[in-house]
Amino acid sequence: MGDVIDLLDSLFGGNLWPAAIGAGAVVAYAIGKRARQIFLRWRLDRRLAHFDYILVDELREYEQRIGDDPEPIDGGSIVRGIAIHLSQIAAPVAIGYAISDGHWKTTLAAIGIIAAYYGWRWINDPPEHRPQLLRTSPDATIPKEAILGAIGAVAMVAILLSLMLAL
C-alpha cells in the first residue's frame, strides 16, 4: 500500500495544480449547461415577480435563451473524464520515472501489451466495432507515404531512445 501512495505522490506531487484545474474544468463543462439554464430561469422568475407585466417579445427572447432542457448530469461521464484527464497527466511522468529508474524494459513490455490488445481487437472485431484510431470521413484516404513516414518517425525515436539508454 505504501508503494501505491509513493507512486501517486511522485506522479502528482509537482503536477497537482494542473490535475486540479483539469478536474475542475471537466466538472464545470459537465454542469455548465445545466447551471446556465438554472440561472436564466431564476432571472426570468425574478423579472416576472418584480414586474406585473412583460412584453411578449421579451418573454420569447427569455425562453429562447433558456432553450430546451439539457441532458441530465451523468456522474459516470464526469468520473470518466476526470480519470482520462489525470491519466493524460500521469502517464508521461510515470513513463519518465520508469525509464529513468532502469525499468525501460517493463515500460516497453507494457506498451507492447497495449498495442497487442488493440491489434487483436482490430483484427477480430467486426468493422463497426473496431476502435477508431483516426476520426476521418469515410471518403478521406491517407496516403501511403504518410503512413510510412509515421512508422519511420516512430522507429527513429525508438532507435534514438535505445542508443541513449545504451550509452
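Counting starts from 1 at the beginning of each chain's written sequence and moves along it residue by residue. For this predicted model, a pLDDT threshold of at least 70 governs which residues receive local features, and a threshold of 80 or more governs which side-chain atom pairs are given and counted, while totals over whole chains, interfaces and linings are taken from all residues. As a rule here, side-chain values come from all non-hydrogen atoms in the structure, and water together with hydrogens is ignored.

On the surface, a cluster of nonpolar side chains totalling about 430 Å² of accessible area is made up of Ile95, Trp104, Leu108, Ile111 and Leu165. By residue number, the principal contributor to the nonpolar patch is helix H5 (residues 104-124), which donates three residues. Looking at the secondary structure, you find Ile95 in helix H4 (residues 75-100). On the basis of relative accessible area, Ile95 is assigned to the partly exposed category, the value being 37%. Note that patches include only residues with greater than 30% relative accessible area and no salt bridge, and the join distances are 9 Å for like charges and 5 Å for nonpolar side chains (Val, Leu, Ile, Met, Phe, Trp, Tyr). Only the protein chains shown count as cover for residues, and the accessible areas themselves come from Shrake-Rupley with a 1.4 Å probe. By definition, a salt bridge exists where a carboxyl oxygen of Asp or Glu is found within 4 Å of a side-chain nitrogen of Lys or Arg. Only DSSP runs of H or I covering at least 4 residues are called helices, and only runs of E covering at least 2 are called strands; the numbering of each starts at the N terminus. Only protein chains enter the area calculation, which uses a 1.4 Å probe; residues under 20% of their type maximum are buried, those over 50% are exposed, and those in between are partly exposed.

Bringing the nonpolar core into the picture now. Judged by nonpolar contacts, Leu40, Leu44, Ile54, Tyr62 and Ile66 together constitute the single largest core of five residues. At the level of secondary structure, the elements contributing two or more residues to this core comprise helix H2 (16-50) and helix H3 (56-66). Contacts are assigned to residue pairs with any non-hydrogen atoms lying within 4.5 Å of each other. Once residues lying within four places of it in the same chain are set aside, the contact partners of Ile66 are Gln37, Leu40, Arg41 and Leu44. Buried Ala, Val, Leu, Ile, Met, Phe, Trp, Tyr and Cys residues form a nonpolar core when they are joined through side-chain atoms within 4.5 Å.

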